Amino acid sequence: MTTKIWTEEYRPEKFSELIGQDEVVKRVQSLTNSLNIPHFLFAGPAGTGKSTLALITVKELYKENWKENYLELNASDERGINIVRDKVKNFARTKSLGNVPFKIIFLDEADALTPEAQQALRRTMENYSSTCRFILSCNYSSKVIDPIQSRCVIFRFKLLEKKDIEKIIYKIAKMENLTVSPESIEIVYEGSEGDCRKCINILQSTASISPSITPELVSTMISS
């Protein structure tokens, strides 16, 4: 059994591997293939693939140069206006490396930014649109100011359905040599509430006790 964190080990690497957001993925992939994406706003619950899709987009655009052209920030950690003024602006004003004429800044949990920081972000989006694109993610798009929303193409992510969670569990079970009963999948799904990250964490913590994933074992892990 792998000692790695499964949410990272089994994180999708390509558009075709992302489960549960078919329409969103199709549209984002089409825009990415054109090599000229607008600003994106990914809105929806945690564990539905927002940051994963942002990373896939970046890797598809820049290939081996992706790290030089990509800045990731978590707005809930760095809420103040200074983060927009300093880090974002310094990165946005420099030229990209390679064929794509812009860099990408991924701002996770953008709805946690203060209103002042959002106003500063709006001005940065305007001033550096020729050299930088933003991918913003949030749980609630209503907490993102209208001037930012109007500058983005908004994609709404949904909680995963049972069939999606089932696919993910069976894929990991095959790689990790686990036996999982249909009843166990039902309990993992209910415990995860459609959150892919939570589903994989439940599966890994249960598998650390036994490779045979029983309903009793899953229930114990969820309630502990």
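Given the structure is predicted, the values throughout are model-derived calculations rather than measurements.

*Asks:* Describe unusual backbone geometry, naming the residues involved and giving the relevant values.
*Replies:* Despite not being glycine, Lys63 shows a phi value in the positive range, around 55°. Although it is not a glycine, Glu109 adopts a positive phi angle of roughly 55°. Topologically, Glu109 is positioned in the loop between β3 (103–108) and α5 (115–127).

*Asks:* So what about the pairing of strand β4 (residues 132–138)? Which residues, and what values?
*Replies:* Within β4, seven of the seven residues are buried, leaving the element largely enclosed by the surrounding structure. Bridging between strand β1 (residues 39–43) and β4 involves four bridges; their strand directions are parallel. Of the residues in β4, the one forming a bridge with Phe42 is Ser137. After leaving β3, the chain enters α5 and then returns to the sheet as β4, a path that is right-handed.

*Asks:* Pulling in residues and values, what's your account of the sheet that holds strand β5 (residues 152–156)?
*Replies:* Pairing within the open sheet is parallel, and its five strands lie in the order β2-β3-β4-β1-β5. A single partner strand is all that each edge strand has here, and the edge strands are β2 (70–74) and β5. Here the average twist between neighbouring strands, direction ignored, is 15°. Of the strands in this sheet, β1 and β5 touch helix α2 (residues 22–33), which is tilted by about 150° from β5. Across the sheet, helix α3 (residues 50–62) lies against β1, β2, β3 and β4, angled at about 175° from β3, the strand it touches most.

*Asks:* Talk me through the state of the cysteines; I want residue IDs and the actual numbers.
*Replies:* If you walk through the whole model with that rule in mind, you get zero disulfides. Free cysteine Cys152: the closest other cysteine sulfur is in Cys138, separated by 9.3 Å. In this model Cys199 remains outside any disulfide bridge; the closest cysteine sulfur is found in Cys196, 5.7 Å from its own. The exposure class assigned to Cys199 is buried, which follows from its relative accessible area of 0%.

Conventions we followed
- Residues numbered from 1 in each chain as written.
- Predicted model: local features only at pLDDT ≥ 70, side-chain atom pairs only at ≥ 80, totals over all residues.
- Heavy atoms only, no water.
- Helix = DSSP H or I, 4+ residues; strand = E, 2+ residues; numbered from the N terminus.
- Buried < 20%, exposed > 50% of the residue type's maximum accessible area, 1.4 Å probe, protein only.
- Pairing = 2+ DSSP bridges.
- Right-handed = clockwise from strand over helix to strand, strands pointing away.
- Axes fitted to C-alpha atoms, helices over the stretch in contact; angles between N-to-C directions.
- Contact = heavy atoms within 4.5 Å.
- Disulfide = S-S within 2.5 Å.

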